[in-house]
Every structure is written in structure tokens, then in C-alpha cells.
Amino acid sequence: MNLTELQKRLLAVARRNPPGDAVPYRFERRIMARLGEAPQPAIWLAWSRALWLGAAACTLVAICAGVWAPATRDDNGTSFSEGIEQTIMASSDDLDSAW
């Protein structure tokens with residue numbers, strides 16, 4: 001269909017049917033006033049929810065690691081916590097020789 005022909009037909013129909021007085025008084029002003037009163041999105045609320053969910057996830061991971069780690073033993077018979085302690089202490093002994 002030709003768009004210019006369609007446009008001409010629609011304009012002709014609109015000219016034959018002028019708008020009535022059925023529109024309430026100051027309708028546009030009331031609608032625009034309500035649009036201005038629309039609540040703003042709570043950015044800080046979204047951030048706080050995301051951070052609390054992250055904190056909950058980290059807490060859950062820490063609890064699971066705390067329950068699982070002491071029960072784990074490697075081939076030498078040392079537990080995970082003992083192995084971490086030995087690793088940290090070994091690296092502190094190397095600091096004296098580096099300087």
C-alpha cells in the first residue's frame with residue numbers, strides 16, 4: 001500500500017470528524033501532574049539488596065569451608081588448617097634471608 005495515499009485518507013477522515021467537547025476540563029494538566037508524581041526508582045535500595053545477598057553468599061561459603069576443611073587430610077596426614085599454617089610460617093622464615 002502506498003503510504004502517502006494512506007496518509008491522505010487518514011487526514012481526510014480526521015477532518016470530517018472534528019474532536020468533540022467530551023474531553024474533561026484540564027485533562028492534560030491532571031495527567032501531566034500525575035506523571036510528575038511518579039516514584040523515583042530506589043537506587044540505594046537495589047545496591048543494599050545486592051550487597052546483602054553477596055554477604056549472605058560469602059557467609060555460606062565460609063561456613064561450608066569451615067566445616068569441610070578440618071575434616072580433610074592430605075597424603076602426609078596433615079589437615080588443611082595445619083598445611084596452611086605451615087605454608088604461612090615457611091614464607092615468614094624466608095623473609096629474613098631476602099633482606
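Cut-offs used in this document
- Residues numbered from 1 in each chain as written.
- Predicted model: local features only at pLDDT ≥ 70, side-chain atom pairs only at ≥ 80, totals over all residues.
- Heavy atoms only, no water.
- Helix = DSSP H or I, 4+ residues; strand = E, 2+ residues; numbered from the N terminus.
- Buried < 20%, exposed > 50% of the residue type's maximum accessible area, 1.4 Å probe, protein only.
- Areas by Shrake-Rupley, 256 points an atom, 1.4 Å probe, with all protein chains shown as cover.
- pLDDT = per-residue confidence, 0-100.
- Patch = residues over 30% accessible without salt bridge, like charges linked within 9 Å, V, L, I, M, F, W, Y side chains within 5 Å.
- Salt bridge = Lys/Arg side-chain N within 4 Å of Asp/Glu carboxyl O.

Undergrad: I'm lost on the overall build of the protein chain in this one. Help?
TA: When helices and strands are counted, the protein chain shows 4 helices and 0 strands. Helices and strands appear in the protein chain in the N-to-C order α-α-α-α. Counting every position in the protein chain, which comprises 99 residues, the buried fraction comes to 3%. With an accessible surface of roughly 9800 Å², the protein chain has 64% of that area assigned to carbon and sulfur atoms.

Undergrad: Explain the confidence of the model for the protein chain here, please?
TA: Segments scoring low in pLDDT should not have their predicted coordinates read at a detailed level. Mean pLDDT over the protein chain: 80, with 79% of residues reaching 70 or higher. At the level of individual helices and strands, the protein chain shows its lowest average pLDDT in helix H4 (residues 80–98), which scores 70, and its highest in helix H3 (residues 43–68), which scores 91.

Undergrad: Help me out: how do you make sense of a nonpolar patch on the surface in this one?
TA: A cluster of nonpolar side chains, contributed by Val 23, Phe 27, Ile 31, Met 32 and Leu 35, occupies part of the molecular surface with about 500 Å² of accessible area. Topologically, Phe 27 is positioned in helix H2 (residues 27–36).

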